[in-house]
Amino acid sequence: MELNWNQIDKKWRNKWHEAKDFETDPNDKPKKFITVAYPYPNSPQHIGHGRTYTLADVHSRYYRMKGFNVLFPMGFHYTGTPILGMSKRVQANDVELINAFKTLYNVPEGKIKEFVDPVKIADYFHEEIKSGMIEMGYSIDWRREFTTIIPAYQKFIEWQFRNLKEKNLIVQGNHPVGWCPNDQNPVSQHDTLGDVEPDFTEYIVIKFNIGDKIIPVATLRPETLFGVTNLWINPEIVYKKVKVDGEIWIISAECAYKLEFLNKKIEMVEDIQGSELIGKKVHSPTNEDEFLILPASFVTATTGTGIVMSVPAHAPYDFQALEDIKNGNQKNIDGSLRDEVNKIQPISIITTEGFGDIPSLDVIKRMGITNQDDPKLEDATKEIYSKEFYEGKLNSNTGEFADKKITFVKEEVKEWISKTGKSDIMLELTNESVKCRCGTKCVVKLLNNQWFLDYANKEWKEKARECFESMNILPNDIRTEFFNVLDWLRERACARQHGLGTKIPWDNDWLVESLADSVIYMSFYTMAKFVNSGEILAENMSDEFFNYIFYGNGDSEIIAKGAKITTEKLEEIRNEFLYFYPVDSRHSGRDLVPNHLTFFVLNHVAIFPKENWPKEIVVNGSVLMDGKKMSKSMGNIIPLRDAVRKYGADPIRLSILISAELLQDADFNVEIISSIKNKLKSMLEECIKFNNPGKIGIEPEDIWIQSRLSKLISEVTDSMEKMRLRESLHHILYGFDSDLQWYMKRANAKNRDDISGVLNKVISIRVSMLSPFAPHIAEEMWEKLGNSDMVSKSSWPKEEEQTDDIAVQNESLLSSVMNDISNITKVTKITPKKIIIYTSDNWKSKAYHKILSGVISGETNVGAFIKELILQKETENVKKDPDFVKKTLKDILSEPTDLRKTKMRAGEIDESKIISNELSSLIETDYGIKLQVFSENDSEKYDPKNKARMARPYKPAILIE
Ligand SMILES: [Zn+2]
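Given the structure is predicted, the values throughout are model-derived calculations rather than measurements.

Engineer: Can you help me understand the overall build of the chain in this one?
Structural biologist: Along the chain, the regular secondary structure elements total 34 helices and 30 strands. In terms of principal-axis extent, the alpha carbons of the chain reach across some 120 × 80 × 55 Å. Looking at the chain as a whole, 56% of its 961 residues are labelled buried. Summarising the internal contacts of the chain: among those between residues at least 6 apart in sequence, 76% fall at separations of at least 24.

Engineer: Is there a simple way to explain the sheet that holds strand E17 (residues 443-453) in this structure?
Structural biologist: Strand-to-strand pairing in sheets goes through backbone hydrogen bonds, with the strands running parallel or antiparallel. Ordered in space as E4-E3-E17-E19, the 4 strands form an open sheet in which the pairing is antiparallel. Every other strand in the sheet has two partners, leaving strand E4 (185-186) and strand E19 (492-493) as the edge strands with one partner each. Packed on one face of the sheet, helix H8 (residues 253-261) meets strand E3 (170-180) and E17 and runs near 5 degrees to E17.

Engineer: Can you walk me through the coordination of the zinc ion in this structure?
Structural biologist: Six octahedral donors at a metal ideally form angles of 90 or 180 degrees, and four tetrahedral donors ideally form angles of 109.5 degrees. For the zinc ion, the full set of protein donor atoms is Cys180 (SG), Asp183 (OD), Cys436 (SG) and Cys438 (SG), and the range of their distances to it is 2.2 Å. Bound by 4 donor atoms, the zinc ion shows angles of 97 to 121 degrees at the metal and therefore tetrahedral coordination geometry. Counting residues between consecutive donors of the zinc ion along the chain gives the motif C-x2-D-x252-C-x1-C. Its relative accessible area of 37% is what places Cys438 among the partly exposed residues.

Engineer: Please explain the packing of aromatic side chains as it appears in this structure.
Structural biologist: Note on aromatic pairs: each is described by the distance of the centres and the angle between the planes. All chains considered together, the criterion is met by 57 aromatic pairs. Between the aromatic rings of Tyr647 and Phe668, the centroid separation amounts to 6.2 Å while the plane-to-plane angle is 65 degrees, which identifies the pairing as edge-to-face. Separated by 21 residues along the polypeptide, Tyr647 in helix H21 (residues 640-647) and Phe668 in strand E27 (residues 666-668) bring together distant segments of the chain. Both residues of the pair, Tyr647 and Phe668, count as buried.

Engineer: Hey, could you run me through the nonpolar core in this one?
Structural biologist: Across soluble globular proteins, nonpolar side chains show a tendency to be buried alongside one another. Core analysis: the largest hydrophobic core is formed by 220 residues, its most contacted members being Phe545 and Leu770. Among the elements that line this core, the one with the most residues is helix H20 (residues 593-607), at 9 residues. Each residue touching Leu770, except ones within four places of it in the same chain, is listed here: Leu654, Leu680, Met683, Leu729, Ile732, Leu733, Ala778 and Met781. One finds Trp232, Ile293, Ile349 and Val363 within the second-largest nonpolar core, a separate group that totals 56 residues.

Engineer: Mind showing me how you'd approach unusual backbone geometry here?
Structural biologist: If a residue is not glycine, its phi is most likely negative; likewise, a peptide bond is most likely trans. Of the consecutive residues Leu474 and Pro475, the connecting peptide bond is found in the cis state with omega at -10 degrees. Residue position: Pro475 is located in the loop between strand E18 (472-474) and helix H15 (479-488). Residue Pro582 is reached from Tyr581 by a cis peptide bond, and omega for that bond is 5 degrees. Even without glycine at this site, Asp245 takes up a positive phi of about 45 degrees. With respect to the helices, strands and loops of the structure, Asp245 is situated in the loop between strand E8 (238-244) and strand E9 (247-252). Under the relative-accessibility criterion, Asp245 is labelled partly exposed at 48%. Positive phi, close to 65 degrees, is recorded for Tyr954, a residue that is not glycine. Within the secondary structure layout, Tyr954 lies in the loop between strand E29 (931-935) and strand E30 (957-960).

Engineer: Please explain the pairing of E3 as it appears in this structure.
Structural biologist: Here is the key point about a regular strand: its side chains alternate between the two faces of the sheet. For E3, the tally of buried residues reaches 8 of 11 residues, placing the bulk of the element in the interior. In the sheet, E3 pairs with E17 via 9 bridges, with the strands oriented antiparallel. Across the sheet, His175 pairs through a bridge with Leu447, a residue of E17. In the sheet, E3 pairs with E4 via 2 bridges, with the strands oriented antiparallel. Looking across to E4, one finds that Cys180 is bridged to Asn185.

Engineer: Help me understand the packing of helix H12 (residues 376-391) against helix H13 (residues 406-419), please; the structure alone is not making it clear to me.
Structural biologist: For any two helices packed against each other, one specifies the inter-axial angle together with the distance between the axes. It is the contact of H12 with H13, at a shortest axis distance of 6 Å, that shows an interaxial angle of 90 degrees. If you check the angle between H12 and H13, you find them roughly perpendicular. Contact residues: H12 offers Tyr385, Glu388, Phe389 and Tyr390, while H13 offers Ile406, Thr407 and Lys410. Of the residues that constitute the contact of H12 with H13, the class distribution is 4 nonpolar, 1 polar and 2 charged.

Engineer: Can you help me understand the pattern of salt bridges in this one?
Structural biologist: Scanning the entire structure with this criterion turns up 79 salt bridges. Two residues, Glu145 and Lys130, come together in a salt bridge whose shortest N-O distance is 2.8 Å. Of the two residues, Glu145 sits in the loop between helix H6 (118-135) and helix H7 (151-166) while Lys130 sits in helix H6, which places them 15 residues apart along the sequence. Judged by its relative accessible area of 16%, Lys130 falls in the buried class. A salt bridge links Arg496 to Asp191, with the shortest nitrogen-to-oxygen separation between them at 3.9 Å. Of this pair, Arg496 sits in strand E20 (residues 495-496) while Asp191 sits in the loop between E4 and strand E5 (200-210), and the two are 305 residues apart along the sequence. Relative accessible area serves as the criterion here: at 6%, Arg496 is assigned to the buried category. A residue is classified by how much of its surface remains accessible, and Asp191, at 4% relative accessible area, is buried. When salt bridges that share partners are traced, they join Glu699, Glu701, Asp702, Arg746, Lys750, Arg752, Asp754, Glu811 and Glu918 into one network.

Engineer: Looking at this structure, how should I read the packing of helix H16 (residues 522-532) against helix H19 (residues 567-580)?
Structural biologist: Viewed as axis vectors pointing N to C, H16 and H19 meet at an angle of 145 degrees, and their least axial separation amounts to 9 Å. When you trace H16 past H19, the crossing you get is right-handed. Contacts between H16 and H19 involve Ser523, Thr526, Met527, Lys529 and Phe530 from the former and Lys569, Glu572, Ile573, Glu576, Phe577 and Phe580 from the latter. Counted by class, the contact of H16 with H19 contains 5 nonpolar, 2 polar and 4 charged residues.

Engineer: Help me out: how do you make sense of helix H3 (residues 82-91) in this one?
Structural biologist: Note that an α-helix has 3.6 residues per turn; residues three or four places apart therefore point the same way. All buried positions along H3 are accounted for by Pro82, Ile83, Leu84, Met86, Ser87 and Val90. Check the buried side of H3 and you find it contacts helix H4 (95-104), helix H5 (109-114) and H6. Following H3 by one or two positions, Asn93 adopts a phi angle in the positive range, close to 60 degrees.

Engineer: How do you make sense of the sheet that holds strand E28 (residues 835-839) when you look at a structure like this?
Structural biologist: Judged by pairing direction, the sheet is mixed, and its 3 strands sit side by side in the order E29-E28-E30 without closing on themselves. Looking at strand neighbours, the two that pair on one side only are E29 and E30, the edges of this open sheet. Within the sheet, the average angular offset between the axes of one strand and its neighbour, ignoring direction, is 20 degrees. This element, helix H29 (residues 805-828), spans E28 and E30 of the sheet and lies at about 40 degrees to E30.

Engineer: I keep staring at the pairing of strand E22 (residues 507-512) and nothing clicks. Help me out?
Structural biologist: Bridge analysis of E20 against E22 gives 2 bridges, and the strand direction is antiparallel. The residue of E22 that forms the bridge with Arg496 is Leu511. Sheet analysis places strand E21 (residues 503-504) next to E22, joined by 2 bridges and oriented antiparallel. Across the sheet, the residue bridging to Lys503 is Leu511, located in E22. Counting the residues that bridge the hairpin from E21 to E22 gives 2 residues.

Engineer: Just to check I follow, could you spell out the environment of Lys901 for this structure?
Structural biologist: Within the element layout of this structure, Lys901 appears in helix H33 (residues 897-906). Spatially, the C-alpha atoms of Lys901 and Asp805 are 9.3 Å apart, while their sequence positions differ by 96 residues.

Engineer: Explain the side chain of Glu918 here, please?
Structural biologist: If you trace the backbone, Glu918 turns up in helix H34 (residues 911-927). A distance of 2.6 Å separates the side chain of Glu918 from the side chain of Lys750, its partner in a polar contact. Among all residues touching Glu918, those that are not within four sequence positions of it are Pro700, Glu701, Arg746, Lys750 and Leu814.

Engineer: Looking at this structure, I do not really get the state of the cysteines. What am I missing?
Structural biologist: Here, disulfide denotes a covalent bond that connects the sulfur atoms of two cysteines. Applying the stated criterion across every chain, the model contains 0 disulfides. Considering cysteine sulfurs only, Cys442 is the nearest to Cys494, which forms no disulfide, with 19 Å between them.

The rules behind each value
Residues numbered from 1 in each chain as written. Predicted model: local features only at pLDDT ≥ 70, side-chain atom pairs only at ≥ 80, totals over all residues. Heavy atoms only, no water. Helix = DSSP H or I, 4+ residues; strand = E, 2+ residues; numbered from the N terminus. Buried < 20%, exposed > 50% of the residue type's maximum accessible area, 1.4 Å probe, protein only. Contact = heavy atoms within 4.5 Å. Pairing = 2+ DSSP bridges. Axes fitted to C-alpha atoms, helices over the stretch in contact; angles between N-to-C directions. Donors = N, O, S within 2.8 Å, 3.2 Å for Na, K, Ca; no water. Tetrahedral: all angles 85-135°; square planar, octahedral: opposite > 155°, others 65-115°. Phe/Tyr/Trp six-rings, centres within 6.5 Å; stacked < 30°, edge-to-face > 60°. Core = buried A, V, L, I, M, F, W, Y, C linked by side-chain atoms within 4.5 Å. Parallel < 35°, antiparallel > 145°, perpendicular 65-115°, else oblique. Nonpolar A, V, L, I, M, F, W, Y, C, P; charged D, E, K, R; others polar. Salt bridge = Lys/Arg side-chain N within 4 Å of Asp/Glu carboxyl O. Left-handed = near helix turned anticlockwise from the far one by under 90°. Polar contact = N/O pair within 3.5 Å; in protein donor to acceptor, adjacent residues only side chain to side chain. Disulfide = S-S within 2.5 Å.

In structure tokens form, the structure reads like this:
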């Protein structure tokens, strides 16, 4: 029978809701405050979003069972430009977007009409996402929900901004930002297509003269000026003569466009075709040298100025472009010019170990490059650039810089050129093709007198570094990534002209940027409850109020009066903050490492005292669909709510979690879903079957399985603590199956009818450990097991203080003998008529344990063991059988360390008794014959093949006839 997952989901969702179990207030228990990056409601959630929230929910539910008072709240981030952009597109009747709303997101047509108002878009998807979260069973305290445009939140953000400004961490200045020319707004990751963070690189522009005009080239390697042999233009490009701050420059149109955003005054003069420049000569800015302008196809209009200086010895493109001319593969060159080109020789200016005089030539040869359009030139360039940068030294032909390392000389050369007045600076996007969500290509803009968060501030970075060092980061490998981010982080624009959000309190023309108003909001959850209930009104929330709640500053009576609340209420709000802060765990996707997560820490260390700094960050990878990246263009996005309706919440939760640990990409596919459904269904059936807690037997197998259960609990708990949820889930769902099979085999062989107690205990523990992962079906199972309270309210199972080592050893002996017998029958193809087992002599057991204890303390030498054993009376028989020592040592060394220790603790066991008592029933069941057991030293034994002498402890000899 197929289960009705939606019905089960709904049943338990309603019960949790009625019980208000996830509404968390301060109490006497220790707390855990778990938060996830709140969603930006401009589209419905898909399965990929589900991963981060599910991880946080499992974390919350686990801690609740561990006895913590867990707060897991949720808000909605309305701030920013994308929603505004969408609303503009609806106003403009954008068919593509409106169709996406209709077909992809199933938004009713009447609703879409309302989307001309951006807040309506946010409200709609807010409700959509929230419903999805409830349907997924997230244990969220919804009383604390808020959006970032409610007045109380805006008061909070104003306080945050004034606070940072007083601390001189918000500064006014001129800094470059990624910029959308269409929106006239700075752009960051959340404003770009594909969520790319715009990053930029500073080029030095070197001005070559051509008559009274200037040909500027942009380079990252000013030191290579000493190795220039010519300049490159692309003959196909139409260049511009432009007046730039009073000078006439010849540059590409694209360059002219970009320079305007860098505050250059640009006036167009006239066009000039690239080919017209061929063969003209330019003057070096630093000496009397003259260089030819030559044609090259690799030169593009979009990079730098559209003109390149040629350093053939150290730049593979330049070398190859020269070769192309010399080989006659360049049509724009006539005879006399080619003669001149033939005279051009690369000038070697850098020596690097591993390269010859002309590194370009070395690499081009090695890579088999034959023309300048070969894409391998890109790799060649990177290789030389990086090797020369880190290991190269300038040659004697570089004047005052001779012998200096490239790594350190760049700035010096830059300064030297700039002293001649023949240089400038140009900023370019490093990731050149970044587009704003409106579709416009982004540029770098130098913003003047703008508001910036001073993330370049060294002291601030140092404090953040201290926080990152002291906090728990899961997985730990990602810690260095945070340090790298801190290293390159610079001032960041925190004001925007358009969008939803809060106005900069001292400059009302500007809005607070969306990555700046979402960094300390976790603290707002502690008061949101009082805001939502109307106990405190936004209009009465002053800076003094926030200073009291967060810092305890000021006189409570005066502040309470100002806030129009009682002093008791004021204290209650303050206590709520003191109780829940700091954040114990912050969950987020990996893409937020270089921005949100880093800013979250920076702002916390700036605003809150050390005791309120965050304790943990948990970062997860993304979700693939059938092994492929999910994207709108691939059409493989499944909205989360659709998936819940189709598969049920728990199968989705488990399939997202079971395929990957934190940072790996999870893979969602239908096969996993159906195998999980089958597993859950069979567990549910077991719950119905074994719903009787009953008495637990005291047979060896009962004792054994409880020891195994204890080990399972300790393994799962250990993985949970490390957030290794895939591992935990495997243990819970599948890790106990073979133990259970063995137990059933043992019990059935004895025809026992008193095992329901054990089975009930096993399944109960598995269900309770499953419940953080699959909360709905686990409740259903728990109920079927006969419990009247909910499993979400039960305690996380505890491992037994001591496991029974002897029981573990005995069962392992039995199963290994059964295994050996089955292997023998398989190999010999005998249908056994007789099975005889010989257990080893007593002295062997003594010798075994001496060897075991030797191995545990580090001895592995056979000779040493033999010597020692012979000397002692009880093991002197070793003399007759030295091979026994060798084999036993091998047996022991092939076992895992923890098994060796268990055997050590268990001590000598009476094998013949265990085998006679416990193995007979198994042999009878499996082979339908009676087992015969002899001791090696039994004089009456039946031993036609002389096998008994082969017996070793834990390895009895077996004869099958
Ligand atoms: Zn734009």
